[in-house]
Amino acid sequence: MTRTQEMAGRLFRTLRRLLESERGLARRELVDVALSRLLRPEAYGQLLPRTGRDQLRTALSVLATAVQEANDEAQLRAYCEAAVEATHAMCKSPRHPGAQLMKKRVVDADVVASKKSLVEAAVYAEFSRARGDADLVNRAVTRAQKERRRYLQHTRRLDVEAHDPLRALFELPDDGKPVRVLRGDVRRVMTDRKNPLSQLLRDASSFSEALIRPALGEELWGLCRPVGFADARRARVLVEVPSSAAAHTLSMRKRELVQRLCRVPGLDRVDDVRFSVAGRQRLPVRHTR
């Protein structure tokens, strides 16, 4: 999956979550939510100047007119893909990894992480200063090594493996490659396995919509919501259902439900589920002395 497809998928999940909420999704929110999403530090839009952001809002407004029915998943997904592509087309890649390296955390980080891209950028940066081919090679190698060291100095690697559920929670690339962030990024602490909070976050992130919904499929997702573990061994999952009738229906498909849950990172040891009716309240217990 390309980075453009990842960004379009994240935007689609955000809009779909608003659409399925109680208040619904207004047409103007298609533009507002997409704009806020695409201007985040990890997105393409963070490279746009202020005038470019105004042009992006206009472009998103035009694209939103093609969405006749926000309830139509195909139209909503097409809008998200077009919005990301429009943003990418409006962004200009930096000429080379120069003095602004650490301020551009998306494109520059990608350039430095790729040896080929880094060498090409270094050659481009030193071309006008070189006195010949041999001097250009020396300058480019020195520049590439310097930028690589500078990048590693100012960043730290996150403690996330290829199938770590925290990748979905923090919207990190799901290609399995190592992820580096700035030294002061709070995600360093939250993914550190030495931190007790890290395991709690991993357990919780396994039940995020981004992971659970594709594994269950739309039919099962419409009938239930896996919300957490039901035992200390993390082998049984608590599944919330809207009614006793839905619980009875799903009990006939318990085996299928368990198999689908085992596909989710962090839930591979699940062997049973327990159903709980949403909204059911217990009678208050009065203590007497």
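That block above? That's the structure.
Residues numbered from 1 in each chain as written. Predicted model: local features only at pLDDT ≥ 70, side-chain atom pairs only at ≥ 80, totals over all residues. Heavy atoms only, no water.

(A) The environment of V239, seen in detail. Its location among the elements puts V239 in strand β4 (residues 236-241). For the pair V239 and R274, spaced 35 residues apart in sequence, the C-alpha separation works out to 5.9 Å. Residue contacts for V239: discarding those within four places in its chain leaves C224, R225, P226, L257, V273, R274, F275 and S276. (Helix = DSSP H or I, 4+ residues; strand = E, 2+ residues; numbered from the N terminus. Contact = heavy atoms within 4.5 Å.)

(B) The nonpolar core, seen in detail. L15, L30, L60 and Y79 are the most contacted members of the largest nonpolar core, which totals 28 residues. For this core, the elements supplying multiple residues, two or more each, are α1 (3-19), α2 (27-38), α3 (50-64) and α4 (73-90). Residue contributions to this core peak at seven residues, all from α1. In this structure L60 touches V31, A34, L35, L38, Y79 and A83, once residues within four positions along its chain are discounted. Within the second largest apolar cluster, 22 residues are counted, among which are I212, V258, V264 and L267. (Core = buried A, V, L, I, M, F, W, Y, C linked by side-chain atoms within 4.5 Å. Buried < 20%, exposed > 50% of the residue type's maximum accessible area, 1.4 Å probe, protein only.)

(C) View of the layout of surface pockets. One number sums up the size of the second largest pocket: a volume of about 540 Å³. What lines the second largest pocket is a set of 22 residues, and nearest its centre among them are R13, A168, D174, A210 and L211. Among the secondary structure elements, those contributing two or more residues to the lining of the second largest pocket are α1, α8 (166-169) and α11 (209-216). Here the element with the most residues in the lining of the second largest pocket is α1; it accounts for five residues. Here the lining of the second largest pocket is composed, by residue class, of 11 nonpolar, three polar and eight charged. (1 Å grid on protein atoms, 1.4 Å probe; cavity = no way out; pocket = protein on both sides within 12 Å on 5 of 7 lines; lining within 4 Å. Points joined across faces, edges and corners; volume = space filled by probe spheres on them. Nonpolar A, V, L, I, M, F, W, Y, C, P; charged D, E, K, R; others polar.)

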